[in-house]
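Report on the structure
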Amino acid sequence: MHVENLTLAYGADAPVVTGLTLEVPAGRLTAIVGPNGSGKSTLLRGMSRLMPPQSGHVLLDGEDIHKLPARELARRLGVLPQGPVTPEGITAAELVSRGRHPHRGLFGRLTSDDDSAIDEALAAVELTELRDRPVDQLSGGQRQRVWIAMVLAQGTAHLLLDEPTTYLDLAHAVDVMNVVHAAAHTSGRTVVVVLHDLTLAAQYADHLVVMGAGAIAAQGRPADVLTSGLLDEVFGLQATVVEVGGAPVVVPDRRLAG
Amino acid sequence: MSSPARRTVFLVVLIVILALVFVASLAFGSRWLGPGALWHALTANDGSDPDVIIRSLRAPRTIVAVLIGLCLGVAGALMQGHTRNALAEPGIFGVSAGAAFAVVLGLQLGVVESVGETVWVALAGALLATYGVQRLASRGSGATPVGLALTGAAVAALLGAMTSAIVLLDSTTLDSYRFWAVGSVAGRGLDVAGQVLPFAVIGLALAAFNARDLDLLALGEDVAAGLGLSIPRARLIGLGAIGLLTAAGVAACGPIGFLGLLSGHVARQVFGSRNTWLIPGAGLVGASAMVLADLVGRLIGGAGEVQAGVVLGIVGAPLFVLVVRRRAVVL
Amino acid sequence: MKSRTVVLSLLFAALAVAVALLSLSIGTSKVPIADVIDVLLGGGRRGQRLIVLDLRLPRVATGLLVGIAFAVSGALLQTLSRNALASPDIVGVNSGASAGAVAVIVLAGSGGGNISGFAGQVGIPLAAVLGGLLATVVVGALSIQRGQVDGGRVVLIGVGIAAAANSLVAWMLVIGDVNDAGRAAAWLAGSLNSREWSDAVPVLIAVVVLLPVAIMFNRDLSAMVLGDDVASSLGVRVARIRLLLLIVATVLAAMATAAAGPIAFVALVAPQVALRLTRMERPPLVTTALLGAVFVVLADLLARNGLGWLHFGPYELPVGVLTAAAGAPYLLHLIGRQQKGR
């Protein structure tokens, strides 16, 4: 996946992302981090065609995503935006089955291919046991994994996830990230995930993209990118970066009262 | 809330109920006609009184009631799905108001004289209103649920105002209009059913096609787009279906309010939020409710009869309230 | 309050005064604005006093008050239910009142056009209030579950009751004489024709008592917009206040309907317009009230004289026809602008 000189704006407002170029490493987990309002979610929307670009291109295997038919694109690129709506009373398996939409015919019923994709997706997020439970009765972490299973069931080689760990406690966030990591490293997908937790991003990402003010401030291996100088420059955060198990961990400098 | 097996059972039960009220609608009336008479009318039809009553009076209006109930029920469910608004209803959406305005204008200009002629005028009015609401609601960045609902309400109010202006200045038009506006299948024959049938069939086909799209839209527009759904096209097909179905209903029977709202909610209660089941379910509920309302109106009216639209409002409302009381009201 | 809201409120207050003066001045016999002010201050010629004080002032006053009552009622219901479609037009209050009034017109009507004096003077308003309140009580009683009143449920149940009442109205129109039906249809459209002080006073009392009550809970409403849980944690007694304000909203609408018929669209559109103009997160009560007043009186001015100005004959249209015809396109315009800006 390749982003070429992309500029994104809401209506006539000033651009949120300006002239951004990015090469997404194939079959790897890329995390996009950045301060609030830096345009990281907007970039993801631009990369997934949820938002038309003002200028520039997003290329998927060399083809402009805006020139592909919608269903064709949906068979190659899966996206989980923020704030999906869970219909009342829908079961986990049923929600996941909707991810098969791009593969079905006009009035087509679910085929055995569909069924196995759904089973695999539920197994990948370790929710096979809860498949017939209504999603609105699941915990927050489980619910988020059901949604990820839905995009996994879509069976795409590329996956874009917008802040999948928001509102989750650390244990559930780690569950979700394990699933996301496996999607890249076990199944060979190209995964791009927007995250707000720097340490979590650094722990899991193969490639880390740090955004600031609508442009890429730094990118590369997490250990190379995440330095206290960068944190100060982009986030305005005074922090020490230590290394644990080969990945950087951000420890904010405290300013204790008294 | 329900497994496929249970949903199938529910669907069968709804079909059985429809069959029962259909037969009851043939049998009951100012004069009770037993199974023997029904069988005779179906097989022999030698022109005896009961044969004539059943074949040329009761059967046609019952068939019209089934057809129109089906249309309005499906339209209601579609509308609630597209607007994600529990209040969405053809009556609030400008469609009925468009038909009513066209009919009044037709009566006033002398274009329309009989019920048969109202069909075409009402149809044109309803379709124009739907088209107008769709165009107005999708200015800018496309039709949002709230935008659709508000636009529909605004257009309905505007058309309603023009309708009352005409009606109030001309008592002859008022006299015809009030009988049309109450909503009834009395005196509707198979010719009326035939006139609206093409629109009903196309509308129902579009609705069937739209059900799966609605399932995706229910996950949020971004998710639906990510799954490869063309949102403008899905909305357009949905509104087309709503327009055609409501137009068929209003054209044949007058503006029968509330049926779409009632059917959508009852079906949601039974089938949950899966539109591929919910939408046909709402059609069946609508058909049964319409036949039943007409039947009750004939029975309680004595010499005259109470119009189906009135019965639906008065009897259907408490039923609807019961449904609403039992469930959470978030769509 | 944001300064934008204050400025708009002042603007609408000035507009209300201006439109009211215009409405007192314009009519089949014109009274210059200066003379109108003179009359209002106690001067003026006898003929002018008769026209302004006895014929036009009650009508204009009723219009102003009814506008305030409908607008505030709509603002409250829309805020409480978080549903832009929730207005007394839709949730049953106006329909109940209409059923009451039409019952008097049609069932007590003589068919010749005039209904018996007593029923005409007292019957319609009283029946309307009773009908509106009955609908409210039924909706309220059915909406309470385990001591809780859910805003969304109130709206849905209201729609059900409204449908029932509307069906009754349609049926009564069919069984009645065509002249009675015409009279009923005019009333149903919402009209300020020949309103007297006896029409204005009950609405005045309702507005004077209930508007301050609503404004008193302004701060709580702001908290409730953030959701019931947040509001509760901020110390708002959500259930109790919601019930109280629902009652306030319905009584206002019922009284207004009794005075002028169910004038279409004021309760729906005034809050939405005020909301968009002030760019607040919910319809501001005072701005909405003033906007409603301007809206109704201006519409009545046009309804009274419009057809005459167009040389269409001496017909008066009911004000409700105008409020809908004017309000609907404006609401459409606002929705369109908002969607473009998104």
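Residues numbered from 1 in each chain as written. Chains lettered and ligands numbered in written order. Predicted model: local features only at pLDDT ≥ 70, side-chain atom pairs only at ≥ 80, totals over all residues.

By the naming in an unreviewed UniProt entry, chain C is Iron ABC transporter permease, taken from Kribbella albertanoniae. Under the Subcellular location (unreviewed entry) heading, UniProt states for chain C: "Cell membrane". (UniProt positions renumbered as here; feature names shortened; annotations may be inferred.)

As recorded in an unreviewed UniProt entry, chain A goes by the name ABC transporter ATP-binding protein, listed as coming from Kribbella albertanoniae. UniProt annotates chain A under Subcellular location (unreviewed entry) with the comment "Cell membrane".

What to know about the UniProt feature "transmembrane region" (unreviewed entry) in chain C
All names here are of chain C. UniProt records the feature "transmembrane region" (unreviewed entry) for residues 60–78, 90–110, 122–142, 154–174, 200–217, 243–265, 285–303 and 315–336 in the present numbering. Secondary structure across residues 243–265 comprises 78% helix and 0% strand; the distance between its end C-alpha atoms is 24 Å. The span residues 285–303 is 100% helix and 0% strand, and its two end C-alpha atoms sit 27 Å from each other. (Helix = DSSP H or I, 4+ residues; strand = E, 2+ residues; numbered from the N terminus.)

Some points on the sheet that holds strand E1 (residues 2–8) of chain A
Strand pairing within a sheet occurs via backbone hydrogen bonds; the two strands may be parallel or antiparallel. Spatially, E2-E1-E4-E5 (chain A) is the arrangement adopted by the 4 strands of the open sheet, whose pairing is antiparallel. Each edge of the sheet is formed by a strand with only one pairing partner; in this case those strands are strand E2 (17–23) and strand E5 (63–64) of chain A. (Pairing = 2+ DSSP bridges.)

Examining helix H4 (residues 112–124) of chain A
Residue and element names in this part refer to chain A. Compared with an ideal rise of 1.5 Å per residue, which puts 13 residues at 18 Å, H4 spans 18 Å between its outermost C-alpha atoms and is within 8% of the ideal. Among the residues making up H4, those that are buried are Ala-117, Ile-118, Ala-121 and Leu-122. Viewed end-on, H4 has its buried residues packed into an arc of 130°, placing them on one side of the element. Residues of H4 that are exposed and angled more than 90 degrees away from the buried face: Ser-112, Asp-113 and Ser-116. Once H4 ends, the next one or two residues include Glu-126, with phi positive near 55°. (Expected span 1.5 Å × (residues − 1). Buried ≥ 20, exposed ≤ 12 C-beta atoms within 10 Å, placed from the backbone. Arc of directions from axis to C-beta.)

Observations concerning the interface of chain B and chain C
Contact with chain B, which involves 50 residues of that partner, is made by 46 residues of chain C. Elements with a minimum of two residues in the side of chain B that touches chain C: helix H6 (145–169), helix H7 (171–181) and helix H13 (308–326) of chain B. Class assignment of the residues belonging to the side of chain B that touches chain C gives a composition of 33 nonpolar, 13 polar and 4 charged. (Contact = placed C-beta atoms within 7 Å. Nonpolar A, V, L, I, M, F, W, Y, C, P; charged D, E, K, R; others polar.)

Section: the pairing of strand E3 (residues 29–33) of chain A
Residues and elements named next belong to chain A. Within E3, 5 of the 5 residues are buried, which leaves it mostly tucked inside the rest of the structure. By the alternation rule, side chains of E3 split into Leu-29, Ala-31 and Val-33 and Thr-30 and Ile-32, which are all buried. Where E3 meets strand E8 (residues 190–194), 4 bridges bridge the pair, whose relative direction is parallel. Counterpart to Thr-30 in the pairing with E8 is Val-192.

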